[in-house]
Amino acid sequence: RSAPRSDIEALDRWGFADTRFKASLVGGKPAVQVISSRYAALGNRPMFELWNFWQRHLSVTMRVGDTLPDAPLPEAAPPQEGLVKNLMQVLPEERISTTLEARLRATTGHGLADIWKLRTREVPRLPEAVLRPESEVEVEAVLALAKERDFAVIPVGGGTNVISATQLPSMETDPRPFVALDMKGLAKVLWVNKEDGVAHIQAGITGVALKSALAKEGVTMGMEPDSMEFSTLGGWIATRASGMKRARYGNIEDMVLEARVVTPAGVLWQNHGDPSVPSVRAPSSSSSSSSSSSSVPERQTCIGRSSGNTQLPGLFLGSEGCLGVVVSAIVRVRPVPEVTEHQSILFPDWDIGTTWMRKVSKLPALARPASCRLMDSKQLGLAQALREGSSHGDAAIKKLLQAAAFWWKSIDLEAASAATLLFEGTREEVELQKRLLAPLVSEVGGLWGGASKGEAGYALTFAIAYLRDFGLDHRILSESLETMAPWSSVHKVWPKVVAAVEEEHRRLRLPGRPFLSCRMTQLYDEGAVLYMYIATSAAGLPNERSLQAFESLEHTARRAILDAGGNVSHHHGVGKLRSNLLKQSQSSTYNDLLHRLKHALDPGNVLAARNGVWSLSTKD
């Protein structure tokens with residue numbers, strides 16, 4: 001009988017505290033098992049091949065008991081004297097947290113540097129307190145108090161960023177006290193208008209909670225990033241995010257029609273309906289909070305497009321918490337799909353798989369699957385190793401039949417690539433999509449792999465992040481990088497990254513060899529998104545040196561991406577991690593414009609995260 005699930009999140013690992021990969025000896029042989037039954041696709045059986053997979057691809061010898069220790073967290077300095085008392089003017093005490101855990105969660109994301117420092121107990125600069133507002137009025141009150149009392153504010157969503165976006169600037173850069181604004185207190189679906197296909201949603205709701213709430217109304221937003229268990233609507237807007245089902249539902253910029261944003265200069269809103277009814281303002285739950293605006297009835301619809309002025313959502317998509325705090329948004333919703341089906345396809349190699357993906361991108365948008373992802377041979381091998389832990393593992397007879405089919409099609413699993421597909425829509429739409437894809441598969445010599453493998457591959461997306469923490473246990477540092485490249489350049493990007501990282505790995509004289517793997521995750525008319533993984537063993541290196549070495553590999557990879565024709569980021573954002581790369585991707589005049597916009601909305605730099613262009617000086 002399995003233990004009950006806990007929704008408590010881990011502090012220094014990805015995801016839920018009750019879920020992790022752990023190595024042990026099983027029958028005298030090293031194997032990896034998943035602790036928890038949360039992800040059915042992983043199962044709970046020993047995975048001997050997964051242990052061998054890492055040793056083989058990294059060319060290192062690993063030992064089960066040789067792991068990074070889980071040391072106790074060091075103590076942190078108490079909040080600045082008098083600050084909490086001041087904060088209680090605008091929020092009740094029970095929604096002001098000063099615990100070490102809350103402060104750590106608020107300032108660390110899930111990039112490798114953040115997690116490695118936590119794992120090695122290098123505590124970063126902390127916010128003095130973490131506040132959880134529950135209304136727009138309370139957010140206004142916090143920013144007003146920050147202006148008055150001269151402290152800085154960083155909005156925090158689900159904490160899944162991988163760009164050091166919530167990391168505080170150094171004391172030398174900004175000596176003011178900081179507080180974090182935990183937006184998950186604003187997590188309601190305010191209304192749904194099925195007839196018009198729009199919904200008004202508060203920004204702190206997580207992806208899974210949003211999907212569940214909308215499903216009860218018979219609709220979906222369709223936004224499903226890999227991080228959707230924890231990331232929030234506000235975080236998606238702040239980073240200009242994308243999801244696995246973009247082909248059907250679009251990116252976040254295609255979904256957001258209106259937004260309400262609190263800035264130190266005031267509340268921003270814009271609509272093109274009845275001007276006498278701007279929007280709802282939820283009353284504050286704190287009797288001490290106040291606002292100059294009174295609550296008014298809200299029109300429960302939205303105009304889908306207007307040519308009047310620059311549109312408000314576009315100003316804040318990608319602003320990463322530096323211009324204002326998004327408190328709610330009106331988004332497009334669509335009926336819950338009648339049919340959801342999975343499928344998979346095997347190709348002889350990566351180049352043939354890429355050729356097939358290019359053919360799919362030429363189909364009309366409605367003829368493409370909701371999700372279409374191509375994995376290379378290493379990810380295919382990893383998926384096979386992970387399936388060893390599942391009850392769905394292939395029986396011997398099935399393996400023989402598969403081997404025969406692979407031989408007949410001249411497919412070698414050491415070189416093969418595979419696509420996982422998700423179809424959504426009406427029965428007629430899904431059947432049409434499958435009919436249009438079938439001849440494309442035949443043209444390139446692909447082999448249909450079946451629905452179960454497609455479903456398992458899709459489900460593994462949510463569990464794969466836990467593997468990085470298993471690697472860190474054994475001093476294997478890894479990170480994902482993503483980019484979009486035009487079709488004329490997409491074939492250059494990955495080979496240049498591989499060559500550059502392998503050369504840098506040799507120069508640094510790191511143990512073994514780097515693990516390098518790639519998948520293609522999004523298709524556009526003009527190009528595709530590559531999602532790349534880099535890992536290396538840091539066995540025998542001091543903790544600080546380990547991180548420095550890996551950051552050198554990562555910087556080398558990002559430079560190779562840009563040199564080969566890729567962009568700074570397709571959907572992870574910029575944050576502090578990639579801000580220096582903006583100098584070669586946008587003009588200094590444009591940077592100056594964004595600095596002037598920041599000054600108009602926040603002249604005192606209350607929202608002082610210093611992400612993206614706002615981490616650069618105006619001279620840059």
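From a predicted model like this one, the values you see are computed outputs, not experimental measurements.

Another point: the environment of E504. Looking at where E504 falls in the secondary structure, it is placed in helix α17 (residues 490-508). For E504, a relative accessible area of 10% gives the class buried. Between the C-alpha atom of E504 and that of M520, which follows or precedes it by 16 residues, the distance is 24 Å. The contact partners of E504, leaving out residues within four places of it in the chain, are S552, L553 and T556.

Once that is clear, we can look at the sheet that holds strand β6 (residues 178-182). Taken in spatial order, the four strands make up an open sheet running β3-β4-β6-β5, and their pairing is mixed. Of all the strands in the sheet, the pair left with one neighbour each is β3 (96-97) and β5 (152-156). Bridging between strand β4 (residues 129-131) and β6 involves three bridges; their strand directions are parallel. Each bridged residue has a counterpart across the sheet, and for L131 the counterpart in β6 is L181. Along the sheet, helix α3 (residues 100-107) contacts β3, β4, β5 and β6; its crossing angle with β4, the most-contacted strand, is approximately 75°. Strand contacts of helix α5 (residues 136-149): β4, β5 and β6, with the helix running at about 150° to β5, the strand carrying the most contacts.

A few words on the packing of helix α11 (residues 350-361) against helix α14 (residues 427-443). For the pair α11 and α14, interaxial distance at closest approach is 10 Å and the crossing angle is 150°. Between α11 and α14, the interaxial angle falls into the category roughly antiparallel. Once α11 is placed against α14, the crossing between them reads as right-handed. For the pair α11 and α14, the contacting residues are W356, K359 and V360 in the first and L437, L440, V441 and E443 in the second. Its residues assigned to classes, the contact of α11 with α14 comprises five nonpolar, no polar and two charged.

Conventions we followed
- Residues numbered from 1 in each chain as written.
- Predicted model: local features only at pLDDT ≥ 70, side-chain atom pairs only at ≥ 80, totals over all residues.
- Heavy atoms only, no water.
- Helix = DSSP H or I, 4+ residues; strand = E, 2+ residues; numbered from the N terminus.
- Buried < 20%, exposed > 50% of the residue type's maximum accessible area, 1.4 Å probe, protein only.
- Contact = heavy atoms within 4.5 Å.
- Pairing = 2+ DSSP bridges.
- Axes fitted to C-alpha atoms, helices over the stretch in contact; angles between N-to-C directions.
- Parallel < 35°, antiparallel > 145°, perpendicular 65-115°, else oblique.
- Left-handed = near helix turned anticlockwise from the far one by under 90°.
- Nonpolar A, V, L, I, M, F, W, Y, C, P; charged D, E, K, R; others polar.

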